[in-house]
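Reading the structure
Take a look at the letters that make up each chain.
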Amino acid sequence: MIEHSEVKVRLLNLYIKKYLNILSRAQAFEKVQLFDLFCGEGIYENGGEGSPIIFMKAIKEVYYRNQHESQKTIKVDCVFNDKEPSKTEKVKSIIEQKKLHYPFLGDLRFKNIDYVTALPLVVRQISIVKNSKSFVFIDPYGYSEVRASQIQSILETKKAEVLLFLPTQHMFRFEKKGRPTALHSFIEDIVPQKQWPNSHTGIDFIENLKSAFREYLGNEFYVDSFIITREKNQFFCLFFFTSHIYGFEKMLDAKWEIDSEEGRGWTYKNPDLPTLFNQSGSNRVNRLEKFFLSFLKESRTNAEIYAATLHQGFRPTHAVEVLKGLSGQEKISVTSNDGQKIRKGSYYINYNDYCDRPNRISINLI
Ligand SMILES: C[S@@+](CC[C@H](N)C(=O)[O-])C[C@H]1O[C@@H](n2cnc3c(N)ncnc32)[C@H](O)[C@@H]1O
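Going by what an unreviewed UniProt entry lists, the protein chain is known as Three-Cys-motif partner protein and is assigned to Algoriphagus alkaliphilus.

**Some points on the overall build of the protein chain**
If you tally the helices and strands in the protein chain, you get 14 helices and 10 strands. Counting only C-alpha atoms, the protein chain reaches 65 × 55 × 35 Å along its principal axes. The contacts of the protein chain with a sequence gap of at least 6 include a subset with a gap of at least 24, amounting to 73%. Only carbon and sulfur atoms are counted for the fraction: they give 49% of the accessible area of the protein chain, which is about 16,900 Å².

**A word on the packing of aromatic side chains**
Applying the stated criterion to the full structure yields 26 aromatic pairs. Geometrically, the ring pair formed by Phe165 and Phe236 is stacked, given 6.3 Å between the ring centres and 5° between the ring planes. One end of the pair, Phe165, is in strand S5 (residues 160-166); the other, Phe236, is in strand S7 (residues 235-242), with 71 residues separating them in the sequence. Overall, Phe165 belongs to the buried group, its relative accessible area being 1%. You can call Phe236 buried: its relative accessible area is 4%. In this structure an aromatic cluster arises from ring pairing among Tyr15, Tyr19, Phe55, Phe135, Phe137, Tyr222, Phe240 and Phe248. The ring of Tyr348 carries the charged tip of Arg360 above its face, separated from the ring centre by 4.6 Å.

**Points about the nonpolar core**
Core analysis: the largest hydrophobic core is formed by 69 residues, its most contacted members being Phe135, Phe292 and Leu296. Per-element tally for this core: the top contributor is helix H1 (residues 6-25), with 9 residues. For this core, the domains that each give at least three residues are domain 1 (6-261) and domain 2 (283-365). Setting aside anything within four residues of it in sequence, one finds Leu296 in contact with Ile305, Leu323, Ile332, Ile363, Asn364 and Leu365. If you look at the next biggest cluster of nonpolar residues, it comprises 43 residues, including Ile126, Ala148, Ile151 and Phe241.

**Notes on the packing of helix H4 (residues 115-128) against helix H5 (residues 148-155)**
Where H4 meets H5, the axes come as close as 9 Å, and the angle between the chain directions of the two elements is 15°. Relative to H5, the element H4 lies roughly parallel. With respect to the hand of their crossing, H4 and H5 are arranged in left-handed fashion. Here Tyr115, Leu119, Val123 and Ile126 of H4 come into contact with H5, specifically with Gln150, Ser153 and Ile154. Split into classes, the residues belonging to the contact of H4 with H5 amount to 5 nonpolar, 2 polar and no charged.

**Focus on the sheet that holds strand S9 (residues 332-336)**
Pairing between the strands of a sheet is mediated by backbone hydrogen bonds and can be parallel or antiparallel. Ordered in space as S8-S10-S9, the 3 strands form an open sheet in which the pairing is antiparallel. Each of the sheet's edge strands pairs with one partner strand only, and the pair in question is strand S8 (300-301) and S9. Here 2 bridges tie S8 to strand S10 (residues 361-365), and the two strands are oriented antiparallel to one another. The residue bridging Thr301 from the neighbouring strand is Ser362, located in S10.

**Considering the environment of Thr117**
Within the secondary structure, Thr117 is located in helix H4. Residues Thr117 and Ala319, 202 residues apart in the sequence, show an inter-C-alpha distance of 42 Å.

**A word on the domain arrangement of the protein chain**
By the assigned domains, the protein chain splits into domain 1 (6-261) and domain 2 (283-365). Just the C-alpha atoms count here: the centres of domain 1 and domain 2 sit 31 Å apart. Every contact between the two is made by 13 residues of domain 1 and, on the other side, 12 residues of domain 2. Here domain 1 and domain 2 share an interface that buries about 1,200 Å² over both sides, 61% of which is from carbon and sulfur atoms. Of all residues in domain 1, Ile245, Glu249 and Trp256 bury the most surface against domain 2, accounting for 43% of the area lost on that side. One can count 1 salt bridge joining domain 1 with domain 2. In this structure, the salt-bridge partner of Asp253 is Arg315, at a minimum N-O distance of 2.9 Å.

**A short note on the side chain of Gln33**
Assignment of secondary structure puts Gln33 in strand S1 (residues 31-36). Residues within four places of Gln33 in sequence aside, it is in contact with Asp77, Gln125, Ile126, Val129, Ser132, Lys133, Ser134 and Phe135.

**Examining the site of the ligand**
The local shell around the ligand holds 20 residues, among which Tyr44, Asp82, Tyr115, Asp139 and Glu145 are the closest. In the model, a nitrogen atom of the ligand is placed 3.1 Å from a nitrogen or oxygen of the Lys83 main chain. In this structure, Glu145 approaches the ligand through a side-chain N or O atom, which is 2.9 Å from a nitrogen atom. In the complex, the protein chains occlude 96% of the 610 Å² of accessible area that the ligand would expose alone. Tallied by class, residues from the shell around the ligand come to 9 nonpolar, 4 polar and 7 charged.

Rules used throughout
- Residues numbered from 1 in each chain as written.
- Predicted model: local features only at pLDDT ≥ 70, side-chain atom pairs only at ≥ 80, totals over all residues.
- Heavy atoms only, no water.
- Helix = DSSP H or I, 4+ residues; strand = E, 2+ residues; numbered from the N terminus.
- Contact = heavy atoms within 4.5 Å.
- Areas by Shrake-Rupley, 256 points an atom, 1.4 Å probe, with all protein chains shown as cover.
- Phe/Tyr/Trp six-rings, centres within 6.5 Å; stacked < 30°, edge-to-face > 60°.
- Buried < 20%, exposed > 50% of the residue type's maximum accessible area, 1.4 Å probe, protein only.
- Lys NZ or Arg CZ within 6 Å of the ring centre and 35° of its normal.
- Core = buried A, V, L, I, M, F, W, Y, C linked by side-chain atoms within 4.5 Å.
- Domains from an automatic or database assignment.
- Axes fitted to C-alpha atoms, helices over the stretch in contact; angles between N-to-C directions.
- Parallel < 35°, antiparallel > 145°, perpendicular 65-115°, else oblique.
- Left-handed = near helix turned anticlockwise from the far one by under 90°.
- Nonpolar A, V, L, I, M, F, W, Y, C, P; charged D, E, K, R; others polar.
- Pairing = 2+ DSSP bridges.
- Buried area = accessible area lost by both parts, 1.4 Å probe.
- Salt bridge = Lys/Arg side-chain N within 4 Å of Asp/Glu carboxyl O.
- Near = heavy atom within 4 Å.
- Polar contact = N/O pair within 3.5 Å; in protein donor to acceptor, adjacent residues only side chain to side chain.

Quick look at the structure:
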């Protein structure tokens, strides 16, 4: 298994900077805790940088930027864990050599605990530190140690976000060949085995897994996937989990930014990411529009539409585009709920209105 994946690292980098920028300025938080539970060795033979180096560089950059702009900043305590002591030793010496850490940035600890033992300790640590938020990165070689219930226990603290890398292509191949026990247990944990749908392609497998995670975790938590293509038709996947709607929006921003750069970006008129990989032309419908054509049969407020859009893995700007399109075709009607006039083309689908004016307007199909 290739340890270093450039796309994975770019997503980590983009996201962690967005995350730290927001949290460092938020008045409510005094500390971020970052747990990299399968941290690897830092830098690989081909020179590629692994997760601990990406994290340390981002922390340093955000700190100095905030200082330069005279902004509030935040300490980030990092735990880098790998069951192989030689790997954390290597990470430690790279961080020292490259001067990536100073005590004023936060604590830095190295651990060599098996992931399964480490997880409950991490959950406890997240829970007990007041005014803190945590980010947990789970990047194993395989999936035999990983369970959905572990992710759930982290999310239930309501103080953490989780990024999980899964070798979905291998899982899909095993599913076809007859499941090994590890895959069986993994799936059985999320969905009763009889209800597990058949996957025809590696992308189908990812979609099925994402739906199963969403179903398992319920509406309170947000889940999305970011597909990484390694070789032709070899799809691996980062799953993102959070209980915080704004954190989720920022993750989706990072994801769509990379997708656009790679030419897989979403446009209203064109098929979106999963259908691009899907060879069959019949599937080429706009998934968000299709969703709205059913969701808006009932009248929905701007806050409900904001949350539902994110749950579907789309950004508020995507929703606005689709709503404008539907309005142009005279398929929706927009009603003001507070007596104030509505500007044409304004739908109030954003986080601020979600918090401050959740019931500003309602939209329904005509
Ligand atoms: C895919 S690599 C991690 C790559 C790293 N996140 C990066 O971006 O460079 C997986 C790592 O997990 C470690 N590992 C394997 N099983 C483990 C376990 N049960 N608990 C903790 N670490 C484990 C391995 O030594 C290996 O370094």
